[in-house]
Amino acid sequence: MTALRTVTVPTLDAGPVTLPEPSWCAGHPNDPTGYRVDLHHSAPVPVPEGLIGLDAELVEFPFGQRPVPLSVYVELVAPGATLDPDGLRDFAAGLAARAALLVEFADRLATLRAGGAW
């Protein structure tokens, strides 16, 4: 069994705060976070390039006013465009591919929440 990993993060309101750091967390900057409620763990989720932009990140806010358990933050960017029939088909295919990826992320998140790996 491995020892629990912790990290100490400087904050402006509570000073240094030590908290457990999940294995999936990408780390914390050395600059003060701001407030204790803003402390969070995060790690980017790799997303292949495509017609429809998608940014995804694993996040957890243990000290938030409403704590956020391990979740996936998603930002979808779809360009505005005037499309011909083939362009509309390509656009629809891009949306379908991103939807399938989000379903995959949901399954992987459920596994990670259950103690598995991403």
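Shown above is the structure to which this text applies.
Residues numbered from 1 in each chain as written. Predicted model: local features only at pLDDT ≥ 70, side-chain atom pairs only at ≥ 80, totals over all residues. Heavy atoms only, no water.

Turning next to helix α1 (residues 85–113). Taking 1.5 Å per residue, 29 residues should reach 42 Å; α1 reaches 42 Å between its end C-alpha atoms and fits that length. Along α1, the positions that sit buried rather than exposed are Gly87, Gly94, Arg98, Leu101, Phe105, Leu109 and Leu112. Buried positions along α1 lie against β3 (41–45), β4 (53–61) and β5 (68–77). The positive-phi residue at the C-terminal boundary of α1 is Gly115, with phi of around 105°. (Helix = DSSP H or I, 4+ residues; strand = E, 2+ residues; numbered from the N terminus. Expected span 1.5 Å × (residues − 1). Buried < 20%, exposed > 50% of the residue type's maximum accessible area, 1.4 Å probe, protein only. Contact = heavy atoms within 4.5 Å.)

Attention shifts here to the pairing of strand β2 (residues 15–20). Sheet topology places strand β1 (residues 6–11) next to β2; six bridges connect them, and they run antiparallel. Looking at β2, one finds that Thr6 is bridged to Pro20. Between β1 and β2, which pair antiparallel in sequence order, lie three residues. (Pairing = 2+ DSSP bridges.)

With that out of the way, let us pick up the sheet that holds β4. In spatial order, the strands read β3-β4-β5; together these three strands make up an open sheet with antiparallel pairing. The open sheet has two edge strands with one neighbour each: β3 and β5. Strand-to-strand twist in this sheet, taken as the mean axis angle between neighbours without regard to direction, amounts to 20°. When β4 meets β5, the two strands line up antiparallel, connected through eight bridges. (Axes fitted to C-alpha atoms, helices over the stretch in contact; angles between N-to-C directions.)

Our focus in this paragraph is the nonpolar core. Of all hydrophobic cores here, the largest spans twelve residues; its members are Trp24, Cys25, Ala43, Val45, Leu54, Ala56, Leu58, Leu70, Leu101, Phe105, Leu109 and Leu112. With sequence-adjacent residues up to four places away left out, Ala43 is seen in contact with Trp24, Ala26, Glu57 and Leu58. Val7, Val9, Val17 and Leu19 belong to the second-largest nonpolar core, a separate cluster that totals six residues. (Core = buried A, V, L, I, M, F, W, Y, C linked by side-chain atoms within 4.5 Å.)

Another point: the packing of aromatic side chains. Given two aromatic rings, their pairing is described by the distance between the two centres and the angle made by the two planes. Scanning all chains against the criterion turns up one aromatic pair. Taking 5.9 Å as the distance between ring centres and 45° as the angle between the ring planes, the aromatic pair formed by Phe105 and Trp118 counts as tilted. One end of the pair, Phe105, is in helix α1; the other, Trp118, is in the segment after α1, and 13 residues separate them in sequence. With relative accessibility at 2%, the residue Phe105 sits in the buried group. Its guanidinium or amino end placed over the ring of Phe63, Arg36 lies 3.7 Å from that ring's centre, counting from NZ or CZ. (Phe/Tyr/Trp six-rings, centres within 6.5 Å; stacked < 30°, edge-to-face > 60°. Lys NZ or Arg CZ within 6 Å of the ring centre and 35° of its normal.)

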